[in-house]
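Each chain, letter by letter, is given below.
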Amino acid sequence: MINKSIKLIFILLISCLYLGSQGCAFNFNTNSSSTGILEKTGELTENEVWDGRVYVAGTVIVPEGITLTIRSGTIVGFEPTEDRIAIIVHGELYAEGAPDRMIVFGSLGKQQETKAQPEQNTSSRQTDSTNINVLPPSAGDWQGITIEAQSQNSRFTYCRIQHAAKGILCGTDSVQIEKCLFSENNIGVLCDNSNPTITANEFNRNGSGLQFRGSATPEVEYNEFSANRYGLVCEDDSRPRIQHNNIRSNYEYAIICYSTSSPEIVSNNITLNNGWAVYDGGRLRDNYISGNKQVGPNVIELSIGTQSDQYYGVDEVFDPRNSPVSEAGVPRDNF
């Protein structure tokens, strides 16, 4: 076990790195401890406000009737453990940042103790020393934020969520996710039989940006999906409405459908994905589809059949576009 003072120094360094990437300053004058770092684990017993730097050492549970508020500019760092730490919300969670002071949730990185080579001291005795190596954070280091079915309301705006197995798992419709960045997660957001509000977010370098299970039918509007393995994954009987998004340059499929899922795919720009633009399901209307499946960057798909060089096995296609949807995607001043 690495001693606590080393852990606190490490959190300070990670905080500076996170904040440097956002271009914002950090207030060290917190009242939680002499180090300015609040350490949290276990079940909350009253309403809480997190502000500054928060070290999550074990799973945090927000029970029914309790509200957790996280202020803008807060850094929430998770200790990577074998059982993967989470925030589980039965009550309410409000994480509302600002464009220049985003709230960051992420891994602190895994630490390893290694034996250094023995050295000869002045008394001609060999002494052993221990080095601490910090591995960089990676997807799945922590479990993520789970909003359970009992939650009456939760909201995320201007949050950066990274390194989780599932950045946010929505088990209820009463979740608003707007103007957030999901990066380096196994799954950015998972909608499990739920219909949250998902608007104006960026999904970048995740295993899958957005995933739907069960009978999920949310509206997904004005988002950016890029450099993920899969942009959006529709499973089971899900039928989301995917509208006015930019879905581009993902490493495999832009939108993939399993089982009897059939999303409504309307007025999106689906471009330059290495795999299919849409695979094995979905109803397409008024989409700009170009350069997918490596057919060539300037090849525009104007077919109205159920399969083409750029999509495969869809349910129906109407009104393909020959020019991009100008209003699709996230306004550039959001991040």
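Just above sits the structure.
Since this is a predicted model, take the numbers as computed values, not measurements.

Novice: Quick rundown of the packing of aromatic side chains? Include the residues and the values.
Specialist: In total, this model carries 8 aromatic pairs according to the counting rule given. Put simply, the rings of Tyr230, Tyr253, Trp276, Tyr279 and Tyr312 touch in pairs and so form one group of aromatic residues. The ring of Trp276 carries Lys293 above its face, with NZ or CZ at 4.6 Å from the centroid.

Novice: Break down the sheet that holds strand S32 (residues 283-285) for me, with residues and values.
Specialist: Within the open sheet, the 11 strands sit side by side as S2-S4-S7-S14-S17-S20-S23-S26-S29-S32-S35. Their pairing is parallel. Bordering the open sheet on either side are strand S2 (48-50) and strand S35 (316-318), each of which pairs with just one other strand. Strand after strand, the sheet turns through a mean of 10° between neighbouring axes, direction not considered.

Novice: Give me the lowdown on the pattern of salt bridges, citing residues and values where you can.
Specialist: Under the definition given, this model contains 13 salt bridges. Taking the shortest distance from any N to any O, the salt bridge between Glu235 and Arg213 comes out at 3.0 Å. Separated by 22 residues along the polypeptide, Glu235 in the loop between strand S25 (230-234) and strand S26 (241-243) and Arg213 in strand S22 (residues 208-213) bring together distant segments of the chain. You can call Glu235 buried: its relative accessible area is 19%. Of the charged contacts in the structure, one is a salt bridge between Arg229 and Glu252, with a shortest N-O distance of 2.8 Å. Placement of the pair is Arg229 in the loop between strand S24 (224-226) and S25 and Glu252 in the loop between strand S27 (246-248) and strand S28 (255-257), with a sequence separation of 23 residues. Taking relative accessible area as the criterion, Arg229 reaches 43% and is therefore assigned partly exposed. Ionic contacts of the salt-bridge type, sharing partners, join the residues Glu96, Arg155 and Glu178 into one network.

Novice: Could you give an account of the nonpolar core, naming the residues involved and the relevant values?
Specialist: Phe105, Phe156, Val189 and Ile255 are the most contacted members of the largest nonpolar core, which has 56 residues in total. For this core, the leading source of residues is strand S3 (residues 53-62), giving 4 residues. Not counting chain neighbours up to four residues away, the residues in contact with Phe156 comprise Leu93, Ala95, Ile145, Ile147, Ile168, Val175, Gln176, Ile177, Glu178 and Cys180. Tyr230, Val233, Tyr253 and Ile256 belong to the second-largest nonpolar core, a separate cluster that totals 5 residues.

Novice: Let's hear about the pairing of S25: which residues, and what values?
Specialist: Moving residue by residue along a regular strand, the side chains alternate between the two faces of the sheet. Across the 5 residues of S25, 5 count as buried, placing the element largely inside the fold. Relative to S25, S22 runs parallel, the two sharing 4 bridges. When the sheet's bridge partners are listed, Phe212 is paired in S25 with Cys234.

Novice: Run through the side chain of Gln211, naming residues and quoting values.
Specialist: Along the chain, Gln211 falls in strand S22. Under the relative-accessibility criterion, Gln211 is labelled buried at 8%. In this structure the side chain of Gln211 is engaged in a polar contact, spanning 2.8 Å, whose partner is the side chain of Ser208. Here Glu235 takes part through its side chain, which lies 2.9 Å from a polar atom of the side chain of Gln211. If we skip the residues at most four places from it in the chain, Gln211 touches Ile187, Val189, Leu190, Cys191, Val233 and Glu235.

What counts and what doesn't
Residues numbered from 1 in each chain as written. Predicted model: local features only at pLDDT ≥ 70, side-chain atom pairs only at ≥ 80, totals over all residues. Heavy atoms only, no water. Phe/Tyr/Trp six-rings, centres within 6.5 Å; stacked < 30°, edge-to-face > 60°. Lys NZ or Arg CZ within 6 Å of the ring centre and 35° of its normal. Pairing = 2+ DSSP bridges. Helix = DSSP H or I, 4+ residues; strand = E, 2+ residues; numbered from the N terminus. Axes fitted to C-alpha atoms, helices over the stretch in contact; angles between N-to-C directions. Salt bridge = Lys/Arg side-chain N within 4 Å of Asp/Glu carboxyl O. Buried < 20%, exposed > 50% of the residue type's maximum accessible area, 1.4 Å probe, protein only. Core = buried A, V, L, I, M, F, W, Y, C linked by side-chain atoms within 4.5 Å. Contact = heavy atoms within 4.5 Å. Polar contact = N/O pair within 3.5 Å; in protein donor to acceptor, adjacent residues only side chain to side chain.

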